[in-house]
Amino acid sequence: MSSDHTPFLLVVSAPSGCGKTTLLKGLFEGVDGLGVSVSHTTRKPRSGEKEGVDYHFVSQPCFTQMQNAKQFVEFACVHDNSYGTSRGSIGKLLDDGLDGVLDIDVQGMEEIKLTGMFDLVSVFIMPPSMEELESRLRKRQTDSDAVIRRRLENAVSEIRKAHLYDYIVVNDNLSAARENLAAIVLAERSRASRTFLSLQHLVPFV
Ligand code: ADP
Ligand code: 5GP
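**Describing the site of ligand 2**
Then, in step 1: For ligand 2, the set of nearby residues contains 15 residues, the closest of which are Lys20, Ser39, Arg43, Tyr55 and Tyr83.
Then, in step 2: A distance of 2.6 Å separates an oxygen atom of ligand 2 from a polar atom in the side chain of Lys20.
Then, in step 3: Contact distances for ligand 2 include 3.3 Å between an oxygen atom and a side-chain N or O atom of Thr85.
Then, in step 4: In isolation ligand 2 has 510 Å² of accessible area, and contact with the protein removes 93% of it.
Then, in step 5: Of the residues assigned to the shell around ligand 2, the class counts are five nonpolar, four polar and six charged.

**Details of the packing of helix α1 (residues 20-30) against helix α7 (residues 174-189)**
Then, in step 1: At a closest axis distance of 9 Å, the pairing of α1 and α7 adopts a crossing angle of 55°. With respect to α7, the element α1 is oriented oblique. Once α1 is placed against α7, the crossing between them reads as right-handed. Residue-level inspection shows Thr22, Leu23, Leu24, Gly26, Leu27 and Glu29 of α1 in contact with α7, the latter providing Leu174, Ala177, Arg178, Leu181, Ala182 and Val185.
Then, in step 2: Residues belonging to the contact of α1 with α7 are distributed by class as follows: eight nonpolar, two polar and two charged.

What counts as what
Residues numbered from 1 in each chain as written. Chains lettered and ligands numbered in written order. Predicted model: local features only at pLDDT ≥ 70, side-chain atom pairs only at ≥ 80, totals over all residues. Heavy atoms only, no water. Near = heavy atom within 4 Å. Polar contact = N/O pair within 3.5 Å; in protein donor to acceptor, adjacent residues only side chain to side chain. Areas by Shrake-Rupley, 256 points an atom, 1.4 Å probe, with all protein chains shown as cover. Nonpolar A, V, L, I, M, F, W, Y, C, P; charged D, E, K, R; others polar. Axes fitted to C-alpha atoms, helices over the stretch in contact; angles between N-to-C directions. Helix = DSSP H or I, 4+ residues; strand = E, 2+ residues; numbered from the N terminus. Parallel < 35°, antiparallel > 145°, perpendicular 65-115°, else oblique. Left-handed = near helix turned anticlockwise from the far one by under 90°. Contact = heavy atoms within 4.5 Å.

Structure below.
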């Protein structure tokens, strides 16, 4: 695909249950030119999840081997499982001229930022309240009470780091949050630093 801007990585993080999956699905439906970076994880697939689409599901020895071979740009332990973004998954998206969407946690965002290797735009999705977050986790019916408690505890420390992101989107009204996220992507594509090179044919003497 040809692109009229230099592709970037959109890093999206949110406390579990906040609505990130729902919002990202909406983003992909509404905005062209995006590709998702498929992470590796040692977590077991949930019902309906597909290998190579939702994640690359691997064993802990396989994950460790990839880690030792420096195949991950970042990796983290989240809720007792290992997750990592491979160089291959990001490289392919950028080579294809797509903006790469990374659905990763706060540790991953901090780690990838520290590498200084990528043009990043980071967005933190915020719940409207902790009560609403709990209610969404319960409605999803994928986790036990103990897991929900753990996710709510983690949410507090994640929310404390939201100021490290370029943008915060509060997911209260779903369609407003969807529009907000799409607007961020479109505005970032229009940054002079990302579009100027592709427009130089207009003024070839510059
Ligand atoms: P995450 O990927 O962040 O863990 P999900 O996208 O799975 O969260 O959403 C968790 C639950 O909250 C789902 O049942 C989803 O339909 C619901 N949800 C998402 N966004 C909203 C919203 N703005 N208002 C009400 N419910 C929402
Ligand atoms: P889940 O198990 O619910 O799919 O994801 C749990 C958490 O792990 C989410 O916050 C998700 O963003 C994060 N995550 C998924 N893939 C990666 C990854 O490659 N790296 C990091 N650091 N976090 C990830």
